Amino acid sequence: MSHDARCSNTLVFFVNGAKVEDADVDPECSLLVYLRTKLRLCGTKLGCGEGGCGACTVMLSKYNRDEDKVKHYSVNACLTPVASLHGMAVTTVEGIGSTKTGLHAVQERLAKAHGSQCGFCTPGIVMSMYTLLRNNPHPTMAQLDEYFTGNLCRCTGYRPILDGYRSLTTSAGPTTCGKANCCMLNGGGCGNMNGQVNGGTEELDGELDQPGHHLYQTNGMRPYDPSQEIIFPPELKVRNDLERESLEFKGPRVVFHRPATLEQLLHLKDLHPTAKIIGGNTEVGVEVQYKNQLYPVLINPINVAELTSIEETSTAMVFGAAVTLTALEEALRDQVTLKHESRTRVFAAIIEMLRWFAGKQIRNAAAIGGNVMTASPISDLNPLLMAAGAILTLRSKNGGERQVTLDHTFFTGYRRTIVLPQEVLININIPFTQQNEYFFGYKQARRREDDIAIVNAGCKVVFRPDSIEVLKLDLAFGGMAPTTVMALGTMKELVGRKWDASLLEDGTSQLACDLPLAFSAPGGMVEYRRALTLSFFFKFYLSVRGQLSQSLPQLVAPLTQDEQLVVTPHQYTEPASSQVFQRVSPEQSKTDPIGRPIVHTSAFKQVTGEAVYVDDIPPFANELYAAFVISSHANAKILGIDESEALKIEGVERFICARDLSEERNQRNDHEVFASKMVDCIGQIVGIVVAKDQPTAQRAARLVRIDYEDVDTPIITIQDAIEKKSWWNKWTMKTGDAEAALKVAVNTLEGETHISGQEHFYMETNAHIAIPKGEDGEMEIISTTQNPSDTQVMVAKALGVAYNKVVCRIKRLGGGFGGKETRSADVSVPLCVAASIIGRPIRMMLDRHEDMVITGGRHPFLCRWRVGFTDQGVITAADLHFYANCGNTIDLSIGVVHRSLYSTSNAYNWPNLSTTGYACKTNLPSNTAFRGFGAPQGMFCSEDIMEHVAQYLHLDPRVVRERNFYKTGDTTHFGQVIERCTLSRCWKDVLDQSDYSTLRANVQKFNSEHTYRKRGVSVVPVMFSIAFTLPWLNQAGALVLVYRDGSVLLSHGGTEMGQGLHTKMIQVASRTLDIPTELIHISETATDKVPNTSPTAASVSSDINGMAVLEACEKIKERLKPVIAKDPKAGWKSWVEEAYLQSISLSATGYYCTPGIKAYNFETHESAKFNYFSYGAAVSEVEVDCLTGDHSVLQTDIVMDVGDSLNPAIDVGQVEGAFMQGLGLFTLEELRYSPSGVLLTRGPGAYKIPGFQSIPQKLSVSLLRDAPNPRAVFSSKAVGEPPLFLAASVFFAIRNAVEAARKDHGLENIFRFDSPATAEHIRMACQDFLTEKIEPAVSKGEKPWSVTV
Ligand SMILES: Cc1cc2nc3c(=O)[nH]c(=O)nc-3n(C[C@H](O)[C@H](O)[C@H](O)COP(=O)(O)OP(=O)(O)OC[C@H]3O[C@@H](n4cnc5c(N)ncnc54)[C@H](O)[C@@H]3O)c2cc1C
Ligand code: FES
Ligand code: FES
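Quick caveat, the model's predicted, so the values are computed rather than measured.

Engineer: So what about the packing of helix 34 (residues 1061-1073) against helix 35 (residues 1101-1126)? Which residues, and what values?
Structural biologist: Relative to each other, helix 34 and helix 35 sit at 30°, their axes nearing to 9 Å. Regarding the angle of helix 34 to helix 35, the classification is roughly parallel. Relative to helix 35, helix 34 is oriented so that their crossing is right-handed. Contacts between helix 34 and helix 35 involve Leu-1061, Lys-1064, Met-1065, Val-1068, Ala-1069, Thr-1072 and Leu-1073 from the first element and Ser-1101, Ser-1102, Asn-1105, Gly-1106, Val-1109, Leu-1110, Cys-1113, Glu-1114, Ile-1116 and Lys-1117 from the second. Broken down by class, the residue content of the contact of helix 34 with helix 35 amounts to nine nonpolar, five polar and three charged.

And the structure:
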């Protein structure tokens, strides 16, 4: 560090009000790691490590001396270097409230509004909301929405989070149920409050025939009181030396400098030309975490005045390079407010772009200079700055200062610029606009908020004064080349032209030539990206025309209403929702919790960060950390493994691979624990490195060298598998004679339907701790598995010990969704092997990329189908062939394919049906269970067939569906007679609730009036067979231990992963024992409490475990009978004590096996029998932007039959959460693989799950009333999986809108439209005058960037 200023080596900052001084800080350490490991504040979670999920959100507070104001920012702790926090204060979820000292309002409301399921996202959600309130105690819903752009939740579907927090916004107040006759609308309160709310007991007040509307009430919740907040540390206000002093922190590999002056900064950059200047570290942090980059010198310029200043000149606003995007936005907003609109057109475009730039946490940290200098081809600001003609000031110690224009010469290649290594970007000069100058920006991403662009653009035109003749045109595009580019040909061509239709025509043609893309261009989607450039230009053309029509009305006609809609940016709409459920009977005891919306038992611990997940468990003495070595070839022989370089790293303990295990112990079902001779997918586990900590283990793992010899071209896609006939097996299920019926059918159609796979994206990645017990080969494994017994068995086999030597424990999972049913053992078994060999506890939590690459997801399916039908749309024959991409091991694929066959016809009675499933073996990581287990894929195909038939017959698809419905007494294609079918009731209710006929008429009217925006509406049913298809899995056990103080420790075979299973089991025990829920505790799921458990899956966990709990509790109750009879008034605690004194056993096991379950016999075609069926239906209405493919869900109505709900809050939560996961499956989530099998979409940056803004603008969920189910505990029904498919209503509504758009262009033909309905698929299906200009991408021998698997 330079000489002239005080330089400190001690980091000083505050956490939750306590001062931290650290003279030994490692610059490589993130705030997240520091909090979790050094300060043991484990409430802040690691969900991704790349700023994409928000689980690590904390509040950063800084004192602004000039303004004498403390400012608060939500930031991602995972990307914030702890070294950068000198002089600042951090608040974590632990700092604002706890179950011991009292919950903060934001914690209480989230918990009580049922906004926390698995709880892993919860601390991050809490901290985003908390930061918002600290900055604005009375926020609007729109501001709340903005603060949540960087938070993801995979469980709840977001609605309860928004609802819970609505009460802290200006929109607080009574919410309506969405009905025209809602009692809230009619004044007064809602009389439909349910009995017990939020854990307390309420008076029961209504009649049974009135449904309940409120799953919680805000009465009695603590208000937000800003005066009670912890104060900003006074020391930080007093001491100005902290920000003045320069810093230098030296770690083992990296030095961190924080210069205090520009001179020091330039000096440092001169000394270390390769040093990274980090502003927000949002780019560099990701490169270090996931791209294996090491930057030995980091320079943080946030204290250099020249880089943080914002100044106004007569021609421009000048922003220091380290100005954050939040500060940029604030300053631009001020300008837009203060100045005439014509002066600030660039600023307005930047503000609009920043709405869609990353999440709030990233914008709070990231700097404008970082965005420019990253030189990313998909930077959001660079196209705008380039089109605006921004000027950059560069400076170096010896070269002095120079100014360059950010034009087409600035970027010299992929992530390269003309800036010299010693130079620093000082500031960015963004010019004001003139009256005759118009400016607009555009961005299209896969997900609207918090996503990087597919294509973006900045467009500026200058006209001759008082004319529509183009004087200058600047068109800059991102996503169309390795750098941001300008469409130079078009810019030149159109100068001198009039702004009219011929300019549009020629401009779009020229643009198509200016911006070509090779067939193999990185990022793929080449035709779509090219089409987007034309769509943007068209929008620009219209926007400018609209503006000209106002300034020069004599020359330019105003936009039509239709055109006006094209140029209107996406508007925020405050979401509305309702949840309707049946209230318990007035006769039900007030202490009986069944049927009441009780809060999730862990919710309060989750909102305070006290809930313990695997990686929150303090380290064991002598503990080590492990990292996998995985294959990088998809189909190859292993020629050799060389770990010597890895072992040289200090802190590496050992490398373990197949060499360390006998062949027999290395075998795990049809694959190996460690690949020994062959690898058959990228991401297969070859070995494990054990070291002192995670970074060391991961670094060493990358140094293990594996030599391969490729054996054959890998099979990646389903098409590849079909060509090579690569499948383990195929199975046919049939009824009637499909072939004969097809021959005589009045109408026939045939087609193909593809549905892509899906990543589970549970918020907590796989995490396990293996603890060798030191004697008799005993091993304890603390695990994130949904399948404790399978883990126990697999570990025992690999260790060569009896099952009774292995115990698997699970407290809770941060989400599972099927992804942790079997694939978790692929992770935990090698870990246990290593722990057993080394004899020390070993921990491993996969990082997000590892988890996505190794553990597989939902099976993609291709269906080839033929169908025969009458003129009325009644299906008379169907022959379907399903091909599932199973990956490299059979895993659960037989079950998944079978389930797709059982679900083939969804809710329809197809009398002659033959359905065949092929389990295709490919060279992808094995796919596995995922909510629905193959059923959504099967049902999707049947619904696609319905759409085709309806389109062919020109009928409303709703009518076609209705004409084919199953009803009570019908027999399914697998031979089960249907009892108590509630399908038509759900259907009728949902049509009424949504007012479907009016909706459809309105959609048709809208479509007749609009060309570029179209709406669609669809109604879809679901019928889901409930039971494991392997009969023996339908069993469960429970253990009830009653202690002398009356408290009850309950154990059962299911795992808690957010779905509320433990809460429901406590409710069952509470009713059966007739004691308050508070007396009952579930600590964990463990194989030494309940043996031989079935996986927590197939939606049956409440059914089977509930019955086992019931039986165990009844045994206890039975034993207590004589004691109770003797003193009926004594009460539970006395009875228990008396029973003890009388030597009556106070522990009991319970067991249940669902009777009569039978699998289909594929040899003899003998019928199958499930326990019962679940039904539901949904209506969705969407609007699509035909020019970009963007869509919004305007409304969704759901009616779901969950029997007599055990807990309506949990059941509604499951319905909404499943629906949103389905929404991701059908509209957004796309796993992209390279042709050689590399997963390209890793982490939340590249793989998008639905966010807060993806939810329907209006969401109404009703639980079907008066539908008790005699076949499950207390007349309830399964709920976990069935509602997921209802999101197909959104998909088919989109299809409906696309159909309308195509009709406008004379395309009446039946078209293929595969899932997911991404922006790309939508845009390219809405063919128009712009897409006509894009010639099809044709391979000239090169491979595409990605393939559809
Ligand atoms: C979750 C997530 C979402 C994102 N979303 C978007 C998005 O929607 N749109 C988008 O465009 N980007 C996005 N990004 C990328 C990134 O956030 C932006 O590019 C951001 O502006 C980078 O700023 P930073 O200060 O964090 O850069 P840093 O990581 O600190 O630095 C980035 C680079 O710039 C160089 N640099 C920084 N300042 C200077 C300087 N003064 N002189 C010379 N070189 C300098 C650094 O050396 C480094 O190479 C996203 C990133 C993440 C993690
Ligand atoms: S863990 Fe930091 S954003 Fe995901
Ligand atoms: S509760 Fe949000 S991810 Fe589980």
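Engineer: Can you explain the environment of His-754? Please cite residues and give values.
Structural biologist: Mapped onto the secondary structure, His-754 falls in strand 35 (residues 747-755). Residues His-754 and Ala-658, 96 residues apart in the sequence, show an inter-C-alpha distance of 38 Å. What His-754 contacts, discounting residues up to four positions off in sequence, is Ile-718, Pro-860, Phe-861, Leu-862, Phe-940, Arg-1312, Asp-1314, Ser-1315, Thr-1348 and Val-1349.

Engineer: How would you sum up the state of the cysteines? Please name residues and give values.
Structural biologist: Note on terminology: disulfide describes a covalent bond linking the sulfur atoms of two cysteines. Following the criterion strictly, the structure yields zero disulfides and no others. Its sulfur unpaired, Cys-29 is 12 Å from the next cysteine sulfur, which belongs to Cys-78. Taking the relative accessible area as the measure of exposure, Cys-29 reaches 17% and is therefore buried. For Cys-78, a relative accessible area of 13% corresponds to the buried category.

Engineer: Describe the sheet that holds strand 26 (residues 624-630), naming the residues involved and giving the relevant values.
Structural biologist: The mixed open sheet is built from eight strands, whose spatial order is 28-32-26-39-36-37-38-47. Two strands lie at the open edges of the sheet, namely strand 28 (652-657) and strand 47 (1085-1086), each paired on one side alone. As defined by bridge partners, strand 36 (residues 767-772) adjoins strand 39 (residues 842-845) across four bridges and the pair is classed as antiparallel. Looking at strand 39, one finds that Ala-770 is bridged to Ile-842. Along the sheet face, helix 23 (residues 694-703) touches strand 26, strand 28, strand 32 (685-691) and strand 39 and points at about 25° away from the line of strand 26.

Engineer: Tell me about the pattern of salt bridges, and please be specific about residues and values.
Structural biologist: Tallied over the full model, the rule gives 85 salt bridges. Put simply, Lys-539 and Asp-1185 hold a salt bridge, and the shortest N to O gap is 2.6 Å. Of this pair, Lys-539 sits in helix 18 (residues 526-551) while Asp-1185 sits in strand 49 (residues 1172-1185), placing them 646 residues apart in sequence. Lys-539 sits in the buried class, given a relative accessible area of 8%. Connected through salt bridges with shared partners, the residues Arg-36, Lys-45, Asp-615, Asp-616, Glu-623 and Arg-843 form a single ionic network.

Engineer: Tell me about the pairing of strand 50 (residues 1191-1200), residues and numbers included.
Structural biologist: Counting buried positions along strand 50 yields ten of ten residues, so the element is predominantly enclosed. Bridge count for strand 49 against strand 50 is nine bridges, and the pairing is antiparallel. Pairing of Glu-1181 across the sheet is with Gln-1195, part of strand 50. Taken together, strand 49 and the strand that follows it, strand 50, pair antiparallel across an intervening segment of five residues, in which Gly-1189 is found at a positive phi of about 90°.

Engineer: Go over the pairing of strand 37 (residues 779-783) with me, naming the residues and quoting the values.
Structural biologist: Burial runs high along strand 37: five of the five residues are buried. What you see with strand 37 is no split at all: Met-779, Ile-781 and Ser-783 on one side and Glu-780 and Ile-782 on the other are buried throughout. Relative to strand 37, strand 36 runs antiparallel, the two being bridged by five bridges. Paired with Ile-771 across the strands is Glu-780, a residue of strand 37. Relative to strand 38 (residues 806-810), strand 37 runs parallel, the two sharing four bridges. Within the sheet, the bridge partner assigned to Glu-780 lies in strand 38 and is Val-807. Considered for its hand, the β-α-β crossover made up of strand 37, helix 26 (residues 788-799) and strand 38 is right-handed.

Engineer: Kindly report on the nonpolar core, identifying the contributing residues and their values.
Structural biologist: Counting 226 residues, the largest nonpolar core has Tyr-165, Leu-880 and Trp-1132 as its most contacted members. Counting residues per element, this core draws most heavily on helix 35, which supplies ten residues. Other than its neighbours up to four places away in sequence, Trp-1132 contacts Val-1042, Gly-1046, Val-1048, Leu-1073, Ile-1075, Leu-1079, Ile-1116 and Leu-1120. Counting 137 residues, the second largest nonpolar core, distinct from the first, contains Leu-265, Phe-477, Leu-494 and Val-544.

Engineer: A description of unusual backbone geometry should follow, citing residues and the corresponding values.
Structural biologist: Each neighbour pair has its own omega, and for Ser-1315 with Pro-1316 the value is 5°, a cis peptide bond. Note that Pro-1316 resides in the loop between helix 39 (1288-1304) and helix 40 (1319-1325). For Tyr-158, which is not glycine, the phi torsion reads 75° and is therefore positive. Note on Tyr-158: relative accessible area 1%, which makes it buried. Located in the positive-phi region is Asp-995, a residue other than glycine, with phi close to 55°. Within the secondary structure layout, Asp-995 lies in the loop between helix 32 (983-994) and helix 33 (996-1009).

Engineer: Explain the packing of aromatic side chains to me, using residue names and the numbers behind them.
Structural biologist: Within the structure shown, the criterion is met by 41 aromatic pairs. Both rings, one in Phe-861 and one in Phe-882, keep their centres 6.0 Å apart while their planes meet at 70°; by these two values the pair is edge-to-face. In this pair, Phe-861 sits in strand 40 (residues 861-869) while Phe-882 sits in strand 41 (residues 875-887), placing the two residues 21 residues apart along the sequence. Both residues of the pair, Phe-861 and Phe-882, count as buried. In textbook terms, an aromatic cluster arises when at least three aromatic residues are bridged by ring pairs, as seen for Tyr-438, Phe-440, Phe-463, Trp-499, Phe-537, Phe-540 and Tyr-541. Sitting over the ring of Phe-1274, Arg-1071 keeps its end group 4.7 Å from the ring centre.

Quick notes on the rules
Residues numbered from 1 in each chain as written. Chains lettered and ligands numbered in written order. Predicted model: local features only at pLDDT ≥ 70, side-chain atom pairs only at ≥ 80, totals over all residues. Heavy atoms only, no water. Axes fitted to C-alpha atoms, helices over the stretch in contact; angles between N-to-C directions. Helix = DSSP H or I, 4+ residues; strand = E, 2+ residues; numbered from the N terminus. Parallel < 35°, antiparallel > 145°, perpendicular 65-115°, else oblique. Left-handed = near helix turned anticlockwise from the far one by under 90°. Contact = heavy atoms within 4.5 Å. Nonpolar A, V, L, I, M, F, W, Y, C, P; charged D, E, K, R; others polar. Disulfide = S-S within 2.5 Å. Buried < 20%, exposed > 50% of the residue type's maximum accessible area, 1.4 Å probe, protein only. Pairing = 2+ DSSP bridges. Salt bridge = Lys/Arg side-chain N within 4 Å of Asp/Glu carboxyl O. Right-handed = clockwise from strand over helix to strand, strands pointing away. Core = buried A, V, L, I, M, F, W, Y, C linked by side-chain atoms within 4.5 Å. Phe/Tyr/Trp six-rings, centres within 6.5 Å; stacked < 30°, edge-to-face > 60°. Lys NZ or Arg CZ within 6 Å of the ring centre and 35° of its normal.

Interpretation in functional terms is not warranted from these geometric data alone.
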